[in-house]
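Spelled out, the chains give:
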Amino acid sequence: MLAGGQATRFGGKPKGLEQVGGRRILDRVVEELAAAIREPPLLVANAPDSQVWRDDLRTVPDRRPGRGSLGGIFTAVMEADGPVLCVAWDMPFADRHLLRDLAAGAEGWDAFLPESGGPRGVEPLCAVYGPACRQPIADQLGTDDLRVVGFHPKVRVGRLTLDRVRGYGDPNELFFNVNTTDDLLRARALWERRASFQS
C-alpha cells in the first residue's frame, strides 16, 4: 500500500485514516488486499506515527522521499522479492476480486495495470509491478519526470481490459482517490448510496 505522499491537498492529514462507511480507508484497503493476495500487505508511509496505524503491517518509509507516487512504487518493488501489487491507501472502493484478477494476470509482464477509461487509460496506483521495473524507475527518479507511467516504454506492460474491470464495478468508483476534503465527502455519500442499494 502506498501512503508516502504529503497529502498537501488534504491539509497534510493522513488520508487513509479518515473513515468511509464507519471504517478507516486504510482498514478497508488492507482487508481487500489481504483477501486478494493472502499475505500481509506492506505499507509505504513517511509519517512519524505510521508504525502504529496497524500493528499487523510492516511499514517502511520511502527510499526516495519527496518523489511522489513514483517514489512509493519504487520503494515497494525494492522491498519485494517478486512482483508486488500496489494499491493507493486512499482508495476506499478497492475490490478484492479485481485485485485478485490483477495478481493472476501479471505473469509474463513487468508491469500489469487495469484500464481505467481515464485520461491515462490505465490506473497506475492499483497495479502490479515486478523486479524488472526497479532500474527503469530508479533512472526516472533521477530526473524531473515523476509521471507514474513515465518508465513504461522501458518495460513490458500488460493491461487488464476495461471490459474485465467493468465486471467488478464502475472504474470511476473502483479507482476513486480521496485527495481532498471534498473527495472524502463524495466517497462517504457514494458509500451510503451503495449501501442503500444493497440493503
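Below you will find a few notes about this structure. (Residues numbered from 1 in each chain as written. Predicted model: local features only at pLDDT ≥ 70, side-chain atom pairs only at ≥ 80, totals over all residues. Heavy atoms only, no water.)

**Describing the sheet that holds strand E5 (residues 58–60)**
Two orientations exist for strands paired in a sheet by backbone hydrogen bonds: parallel and antiparallel. Rule in force here: At least two bridges found by DSSP between two strands is the condition for calling them paired. Runs of H or I in DSSP of at least four residues are treated as helices and runs of E of at least two as strands, each being numbered from the N terminus. A contact between two residues is defined here by any heavy atoms of the two lying within 4.5 Å. To get an axis, a line is fitted to the C-alpha atoms, and for a helix only the part in contact is used. The angle between two axes follows their N-to-C directions and goes from 0 to 180 degrees.
Spatially, E1-E4-E5 is the arrangement adopted by the 3 strands of the open sheet, whose pairing is parallel. The open sheet is flanked by strand E1 (2–3) and E5, the only strands paired with a single partner. Two strands pair when backbone bridges link them, and E1 and strand E4 (residues 42–45) are joined in this way by 2 bridges, in the parallel orientation. Pairing of Ala3 across the sheet is with Ala45, part of E4. Across the face of the sheet, helix H2 (residues 68–79) comes into contact with E1, E4 and E5 while running at roughly 140 degrees to E4.

**Here's the deal with the pattern of salt bridges**
How we decide: Salt bridge, as used here: a side-chain nitrogen of Lys or Arg that lies within 4 Å of a carboxyl oxygen of Asp or Glu. Burial status follows relative accessibility: with a 1.4 Å probe on protein chains alone, a residue under 20% of its type maximum counts as buried, one over 50% as exposed, and anything between as partly exposed.
For the structure on display, the rule yields 17 salt bridges. For Asp27, the salt bridge is made with Arg24, and the minimal N-O distance between the two is 2.9 Å. Classification of Arg24 by relative accessible area gives partly exposed; the value is 21%. Here the salt bridges do not stand alone but share partners, grouping Arg23, Glu31, Glu32 and Arg96 into one network.

Any functional reading would require information that these geometric values do not contain.
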